[in-house]
Amino acid sequence: VPSVAKAYITEFDDQFNNNAFTENTPSPQNLFSSPNGDRIELFFAPDENGTPGNINLSPYSAGSALKEVIKYRTANANESVFYMINQFGMTTELSNALTSASSGSVLVEGWLDVDVQGNLGTLQNDHTCRNWAAFSNVQGHHKVMIFDMDIVAFGSANHTYGSMRDSGGSANVENLLLITDFR
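Being a predicted model, the structure only gives us computed values, none of them experimental.

K.L.:
Go over helix α2 (residues 66-75) with me, naming the residues and quoting the values.
P.N.:
If you check which residues of α2 are buried, you get Leu66, Lys67, Val69, Ile70, Arg73 and Thr74. Angularly, the buried residues of α2 cover 160° about the axis, an arc narrow enough to put them on a single face.

Now the structure itself:
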């Protein structure tokens, strides 16, 4: 979709031409539709310093970080949450969201490679969570979640504090795409 490519170019220009690797610069537009009607949401982080600017955060919380988007989608899944995650180091926030989803009628299954915060045991007690390292000596570097077989979330961000924090302190510069099937 050309408009999504243009948003990435705007972000690249901001970083590489303006040396703006901080959250003080506005993100480009973040809501798009594909030619067949799929909804595309694009987020860059860190960004905005809590001020939405060009970003439409609805239905997410104001000043939303990438973790809030993922937590919202996990909490609002109706049928399923599938994930393949390289690093899972967001203390207990995302782990709690997955546990909460799996305690209801939502099917939760996933792969986890690097367990930074020691969440693997808890996740395995709550739902099917496979330890990537037990099956392969090659590191998995996936960062994808699928919600209700309709929404795919993927991007550069590991599921860690440095990648998905709200604001303040050092953080990685990341992107996250959510694509919702129009059906």
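K.L.:
Tell me what's going on with the side chain of Lys143, and back it up with residues and numbers.
P.N.:
With respect to the secondary-structure elements, Lys143 resides in strand β6 (residues 143-147). Given the relative accessible area of 14%, Lys143 is considered buried. For Lys143, the residues in contact, after removing those within four places along its chain, are Met84, Ala153, Phe154, Gly155, Ser156, Ala157, Asn158 and His159.

K.L.:
Break down the packing of aromatic side chains for me, citing the residues and quoting the values.
P.N.:
Applying the stated criterion across every chain, the model contains one aromatic pair. Ring plane angle 45° and centroid distance 6.0 Å describe the contact between Tyr8 and Phe12, whose orientation is recorded as tilted. One end of the pair is Tyr8 and the other is Phe12, both in helix α1 (residues 2-16) and four residues apart, which spans about a single turn. Residue Tyr8 is classed as buried on the basis of its relative accessible area of 16%.

K.L.:
Could you give an account of the packing of α2 against helix α3 (residues 93-103), with specific residues and numbers?
P.N.:
The description of two helices packed together rests on the angle between their axes and the distance between the axes. Taken N-terminus to C-terminus, the directions of α2 and α3 make an angle of 10°; their axes are 9 Å apart at the nearest point. In terms of orientation, α2 and α3 fall into the roughly parallel class. Contacts between α2 and α3 involve Lys67, Glu68, Ile70, Lys71 and Thr74 from the first element and Glu93, Leu94, Ala97, Leu98 and Ala101 from the second. Split into classes, the residues belonging to the contact of α2 with α3 amount to five nonpolar, one polar and four charged.

K.L.:
A description of unusual backbone geometry should follow, citing residues and the corresponding values.
P.N.:
Phi at Asp148 is positive, roughly 55°, even though this residue is not glycine. Relative to the helices and strands, Asp148 resides in the loop between β6 and β7 (151-155). With a relative accessible area of 13%, Asp148 lands in the buried category. Although it is not a glycine, Met149 adopts a positive phi angle of roughly 55°. Note on placement: Met149 falls in the loop between β6 and β7.

K.L.:
Could you give an account of the environment of Tyr72, naming the residues involved and the relevant values?
P.N.:
Within the secondary structure, Tyr72 is located in helix α2. Overall, Tyr72 belongs to the partly exposed group, its relative accessible area being 28%. For the pair formed by Tyr72 and Leu94, sequence separation is 22 residues and the distance between their alpha carbons is 10.0 Å.

K.L.:
Would you mind going over the pattern of salt bridges in detail, with residue names and values included?
P.N.:
Under the defined criterion, the tally for this structure stands at two salt bridges. One salt bridge in this structure joins Arg39 and Glu41, with 3.5 Å as the shortest N-O distance. Arg39 gets classed as partly exposed once you look at its relative accessible area, which sits at 32%. The class for Glu41 is buried, based on a relative accessible area of 0%. A salt bridge links Arg73 to Glu41; the shortest N-O distance between them is 3.3 Å. Pair noted here: Arg73 is in helix α2 and Glu41 is in strand β2 (residues 39-45), with a separation of 32 residues, a long-range link. Here the salt bridges share partners, and the residues they tie into one network are Arg39, Glu41 and Arg73.

K.L.:
Describe in detail the confidence of the model for the protein chain, supporting the description with residues and values.
P.N.:
A residue-level look at the protein chain finds 72% of positions with pLDDT of 70 or above and a mean pLDDT of 77. Within the protein chain, no element has a lower average pLDDT than helix α5 (residues 161-164), which sits at 66, and none a higher one than β6, at 94. Ignoring residues within four places in sequence, the model shows residues 48-54, a span with pLDDT below 50, making 16 contacts including any to other chains.

K.L.:
Lay out the environment of Val69 in plain terms, naming residues and giving numbers.
P.N.:
By secondary structure assignment, the location of Val69 is in helix α2. C-alpha separation for the pair Val69 and Leu178, spaced 109 residues apart in sequence, amounts to 9.3 Å.

Parameters at a glance
Residues numbered from 1 in each chain as written. Predicted model: local features only at pLDDT ≥ 70, side-chain atom pairs only at ≥ 80, totals over all residues. Heavy atoms only, no water. Buried < 20%, exposed > 50% of the residue type's maximum accessible area, 1.4 Å probe, protein only. Helix = DSSP H or I, 4+ residues; strand = E, 2+ residues; numbered from the N terminus. Arc of directions from axis to C-beta. Contact = heavy atoms within 4.5 Å. Phe/Tyr/Trp six-rings, centres within 6.5 Å; stacked < 30°, edge-to-face > 60°. Axes fitted to C-alpha atoms, helices over the stretch in contact; angles between N-to-C directions. Parallel < 35°, antiparallel > 145°, perpendicular 65-115°, else oblique. Nonpolar A, V, L, I, M, F, W, Y, C, P; charged D, E, K, R; others polar. Salt bridge = Lys/Arg side-chain N within 4 Å of Asp/Glu carboxyl O. pLDDT = per-residue confidence, 0-100.

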